[in-house]
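Fold and contact review
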Amino acid sequence: MAKEQGIGAAVKRKEDLRFITGSGRYTDDLNQPGQLYAAFLRSPYARADILDIRSEEAEALEGVVAVLTGVQMAEDGLGDLPCGWQVKQKDGSDMVSAPHPPLAVQAVNYVGEPYGIVVADSIATALQAAELVTTEFRELDPIVDLVLATDSERIHADVARNLAYDWELGDAEATDAAMQRAAHVTRIEITNNRLIPNAMEPRAALGIYEAATEEHTLYTTSQNPHLERLVLSAFVQIAPEHKLRVIAPDVGGGFGSKIFIYAEETAVLWAARRVGRPVKWTASRSEAFLADAHGRDHLTTVELGLDAQNNFVALRVSTRANLGAYLSTFGSSVPTYLYGTLMAGQYRTPNIHVEVSGVYTNTSPVDAYRGAGRPEATYVVERVVETAARELGVDPADLRRKNMIPPDAFPYETPVALVYDTGNYEASLDKALALADYVAIAERKAEAAGRGKRRGIGLACYIEACGLAPSKLAIALGAGVGLYESGEIRVNPTGNVTVFTGSHSHGQGHETTFAQVVADRLGVEFDAVEVVHGDTGRVEFGLGTYGSRSIAVGGSALCRAADKIIAKGSRIAAHMLEAELEDIDFADGQFQVRDSNRSLSLGEVAFASYVPADYPEDLEPGLSEKAFYDPENFTYPAGTHIAEVEVDVDTGVVELVSFIAVDDFGHVINPMIVEGQVHGGVVQGVGQALLEHGIYDDQGQLQTGSYMDYCMPRADDVPDLVVDATVTPCPHNPLGVKGCGEAGAIGAPAAVINAVVDALGTNDISMPATPEKVWRALQG
Amino acid sequence: MQVEVTVNGQAHVLEVADNTLLVELLRENLGLTGTHVGCDTSQCGACTVHMDGRSVKACTVLAAQAQGAEVVTIEGIGSADALHPMQEAFRDCHALQCGFCTPGMIMSAIDLVSRNPGIDNAGVRAGLEGNICRCTGYHNIVRAVIQAAQNM
Amino acid sequence: MVALPQKVNRANLLRSRWGSEVEQTGEYSVAADRSAVWTGLNDPEVLARCIEGCQSVSKVSDDVFEASVKAKVGPVRATFSAAIALTDIDPPSSYLINVAVKGGPAGFAKGSAEVILEEADGYTVLRYRVAANVGGKLAQIGSRLVDSAARKMADSFFAAFEREFEGQDRRADGASGNSR
Ligand code: FES
Ligand code: FES
């Protein structure tokens, strides 16, 4: 077995060859005979009633096949897009979920909301026809401001105060009491800016319907095709599951935004059935800005109480979360269970209470974006800890260290519902401080001052709960589905291996890492393992890729399946080698009779299993096993990120001069890929801190709706990054892994803003710290 | 209208609408789907190809403007068994994740390096400023371009 | 080493005012007397000739017009239909133009323009003040450009409008369109 390609090796990726040669197959690259093209009718208003849609002129245009609206969709009996997580309110009642038809029927509630679909024989014709549709709206005053929203008119008839839920976690009384006794209380108000995910491949869908068999096929840009099929079948009721195949081919990044079940792919599949021909839609970037679910958008007040020895004694958090106009697929869970549960951070804070109001506004729906709740939580905790250190005049690193959960305290139960399994927070803090040469910061600041720059350093000691999730726990907390993952391994008759995973890869490199895991476990060549994912027609089931869960849950499922292969193989080998089952050892791809030279390779056993001549009576032929792995706990990656910035006093421009990330992801399958995940996450976090902002004006018009106004991080906005690791293996999954996809985006915003604040000597600056804001802060 | 254009060494005479963009000609008429479209305001660089030896954003060039030109796309710079040094370096340095920005990034990088042999880190970062990657944080892309510069 | 590409637009980082409202004032001089200018401003045919990209103007009633205009604001191109209602009419010196413009997927604009005509020595001074909101794609992509596009349209309108009176021997020295 080639150990240099097994677990822990920086193996080059299998998927790269097709991407670097331009042979990737993304949804928009696919075409079907007789294919038509779709364009959507979208609301230009943030809030309006639809009075009349006149499409005769559009329909008369040559090449136009159909103009379909939400009315027809409703007549066809399609259901609403559901929210998959039921949040319980403070008073025990259910959250209030507003109806969300895929295509709006009576009213539109955000700019860009689709209310119709035009199908034509070319994209140009479809777009031209969309222009010819005249829609009469009755404009209503939009509710855009997150603070005023709860005192404004109702957006949805059944939602009082535009409040989806009023939720809490932790012991309010105990926290209040501890806060009262605190020797010092630090209180800050912070904003977590709205972000627009911007995976580089815009969403796309290609719907196909075979009338003779009633089979529906949907190619789409999804992170979780099985979940998509489940929702489209069970809730939207577009087709029963056995007549619906969802395929997510190569997908150009997701970052959460491609988890959700959207209107467009639903409408495309439905339209394909209505017109009896394949229909394709590809979002323009402008559409993506309006119609992809956005991320973050919180307003928070946080108080941290400390005793006279600077021990944290209480943390009280009150947050208003903007959910947008409708509850997106997981929109309700992000500011609650993925946020409030992380408020202990890496610290021993004994009393914590967090309350969150989830508020509807006339803006695009808000849902999970890389980190999903955990960057917001880390930002709250790490900003208030930083501010406390400043107020108390103590070193921020020392204050953190003093309050950290010590390595011997695990498993550690937090006051906000989680049990941290393992960790060594001081180890990553120490390593990061050493890499940053933290002790010499004063000299660097002085040197920068000589050049007219203000230099600052900022830390973020983050923790995240990922590897979603123990199904029982998740369902008890309101999840509508289990959160296990499936894995199947087929050892083919000639000894090579096909692996099927329910986890989807859209940049993460599953085809490589999962092959490493299986090759390692089964002792076969890495090149002899092929990973299949993203097709409900080939993979039995899966919950998909999000929440840094792929290796921890999907990888573990494959380990279980490999164990089953080895168990069955051992029985076959025992029979063939005429030995007792207990005497068969499996190592490096060989079944061997202990203390003998009699052995069979996995390939030989596989062949025998498919050509069962000399074969156990009581065993089925074939060597193919599957497993569903349901984790017993979340995993808890944690680490310390340190940013160093220089602020130009004249222009307010913030330059990120260094960024150090020391993360504990447990065991690592492929360090090259893991580092890449950290790089990407960090730069998204830096983008949030310095550049990106989804801004609506008071009419609910998106002002940052293109790359002219929404500032994406570019190569020259960031320096080379320093990435290092510490390791405490996860104790409850077979690989000892934790997940690495989101850490960068979780730690970076707080680290960067703490650095900017340090440079400026102010107490706060809101994200993104644009030159204008920084310059104003410098003027005092 | 008719456009005569050479793409990846092969001459084509194509009938296209007046307002057809070069990127549409490549993707739709010639089926060269390696060239991607990531935006509609000419700012992401996913569509970058070479036209007469210089990198251009194929979403801002009309097919008509390519009349008589030599166009090279990601499909034309190397093959699976004979990769261009830039392709090789991207794989070597893990300079791609989802791969969507990659063809444009590689095409820009080749042009950048061929005009600036000995280019350094800051030069690469400034030079690739017209190409957005959402996945990699650019760290490994910059490494790859510098590595390729040594082998080109 | 040859010059590297220019830094792309990062104007958003420097932009401090966000909003889709447009506010503009302008002043033009037209070489015609006030009543002639007033008549011209109320004549659909004159308007159709003077509005750049105008496909049609029709008078629905004395103070209600409908127009269809092909326009381009940055990357947004569309045929816009405008419903125009005149109120607070005080001939020949002032009125309020209320406009609702719709461009389907391209978005919309709505607002009003207060127009005042003042008689000067052999020519007429026209002052206007516009307050408008834009929405849809116009706001999403075009909002930074709406101001200058509106200014351009006004300039081209009055340049053409002035030409309407050329050769009518009413031209006064130095009178020409300008805006501020
Ligand atoms: S597609 Fe974005 S620049 Fe061409
Ligand atoms: S690799 Fe995904 S956008 Fe660059």
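Provided above is the structure to which this section pertains.
Here's a quick rundown of the structure.

Thresholds applied
- Residues numbered from 1 in each chain as written.
- Chains lettered and ligands numbered in written order.
- Predicted model: local features only at pLDDT ≥ 70, side-chain atom pairs only at ≥ 80, totals over all residues.
- Heavy atoms only, no water.
- Pairing = 2+ DSSP bridges.
- Helix = DSSP H or I, 4+ residues; strand = E, 2+ residues; numbered from the N terminus.
- Axes fitted to C-alpha atoms, helices over the stretch in contact; angles between N-to-C directions.
- Salt bridge = Lys/Arg side-chain N within 4 Å of Asp/Glu carboxyl O.
- Buried < 20%, exposed > 50% of the residue type's maximum accessible area, 1.4 Å probe, protein only.
- Contact = heavy atoms within 4.5 Å.
- Core = buried A, V, L, I, M, F, W, Y, C linked by side-chain atoms within 4.5 Å.
- Phe/Tyr/Trp six-rings, centres within 6.5 Å; stacked < 30°, edge-to-face > 60°.
- Lys NZ or Arg CZ within 6 Å of the ring centre and 35° of its normal.

1. Thoughts on the pairing of strand β10 (residues 215-220) of chain A
Residues and elements named next belong to chain A. Note that strand β9 (residues 204-210) and β10 share 6 bridges and pair antiparallel. If you follow L206 over to β10, its bridge partner there is Y219. In terms of strand pairing, β10 meets strand β11 (residues 244-247) through 4 bridges, oriented parallel. Residue pairing in the sheet places L218 in a bridge with V246 of β11.

2. Regarding the sheet that holds strand β4 (residues 76-90) of chain C
Residue and element names in this part refer to chain C. Judged by pairing direction, the sheet is antiparallel, and its 7 strands sit side by side in the order β1-β7-β6-β5-β4-β3-β2 without closing on themselves. Where the open sheet ends on each side, the last strands, each with one partner, are β1 (21-30) and β2 (54-61). On average, adjacent strands in this sheet sit at an angle of 20° to one another, irrespective of strand direction. Examined bridge by bridge, strand β6 (residues 108-119) and strand β7 (residues 124-135) share 12 bridges and lie antiparallel to one another. Residue E118 lies in a different strand from β7, and its bridge partner there is V125.

3. A closer look at the pattern of salt bridges
Counted under the stated rule, the structure contains 63 salt bridges over all chains. Linking R127(C) and E118(C) is a salt bridge whose minimum nitrogen-to-oxygen distance equals 2.7 Å. When its relative accessible area of 36% is taken as the criterion, E118(C) is described as partly exposed. Taken together, the salt bridges that share partners define one network made up of D437(A), R444(A), E447(A), R451(A), R455(A), E644(A) and E646(A).

4. Observations regarding the pairing of strand β1 (residues 36-42) of chain A
All names here are of chain A. Here β1 lies mainly inside the structure; 7 of its 7 residues are buried. Side-chain alternation along β1 places L36, A38, F40 and R42 on one buried face and Y37, A39 and L41 on a second face that is also buried. One ladder, built from 6 bridges, connects β1 with strand β5 (residues 114-120); its direction is antiparallel. Within β5, the residue paired with Y37 across the bridge is A120.

5. A closer look at the sheet that holds strand β23 (residues 590-593) of chain A
Note on sheets: strands pair through backbone hydrogen bonds, and any given pair is parallel or antiparallel. Residues and elements named next belong to chain A. Strands sit in the order β22-β23-β24 across an open sheet of 3 strands; the sheet is antiparallel. Each edge of the open sheet carries a strand with a single partner, namely β22 (584-587) and β24 (599-601). The mean angle between the axes of side-by-side strands here comes to 20°, regardless of whether they run parallel or antiparallel. In the sheet, β22 pairs with β23 via 4 bridges, with the strands oriented antiparallel. If you follow A587 over to β23, its bridge partner there is Q590. In the packing of helix α16 (residues 602-610) onto the sheet, contacts are made with β23 and β24, and the angle to β24 comes to roughly 80°.

6. With respect to the nonpolar core
Ranked by size, the top nonpolar core spans 187 residues in total, and within it M343(A), Y420(A), F659(A), V756(A) and F90(B) carry the most contacts. Per-element accounting of this core gives the leading share, 12 residues, to helix α18 (residues 743-760) of chain A. Apart from residues lying up to four places away in sequence, Y420(A) is in contact with A344(A), G345(A), I405(A), F410(A), P411(A), Y412(A), T414(A), Y425(A), I463(A) and Y636(A).

7. Overview of the packing of aromatic side chains
For the structure shown, the criterion picks out 29 aromatic pairs over all chains. Residues Y45(A) and F137(A) carry aromatic rings whose centres are separated by 5.3 Å and whose planes lie at 70° to one another, so their mutual orientation is edge-to-face. With Y45(A) in the loop between β1 and β2 (48-54) and F137(A) in strand β6 (residues 134-139), this pair connects stretches of sequence that are 92 residues apart. Under the relative-accessibility criterion, F137(A) is labelled buried at 15%. Taken together, a centroid distance of 6.4 Å and an interplanar angle of 15° make the contact between Y128(C) and F158(C) stacked. Residue Y128(C) is located in strand β7, and its partner F158(C) is located in helix α5 (residues 143-164); the two are separated by 30 residues in the primary sequence. Grouping residues by exposure puts Y128(C) and F158(C) together as buried. Note that K14(A) overlies the ring of F526(A), its terminal NZ or CZ placed 4.4 Å from the centroid. R203(A) extends its terminal NZ or CZ atom over the ring of Y262(A), reaching a point 3.4 Å from the ring centre.

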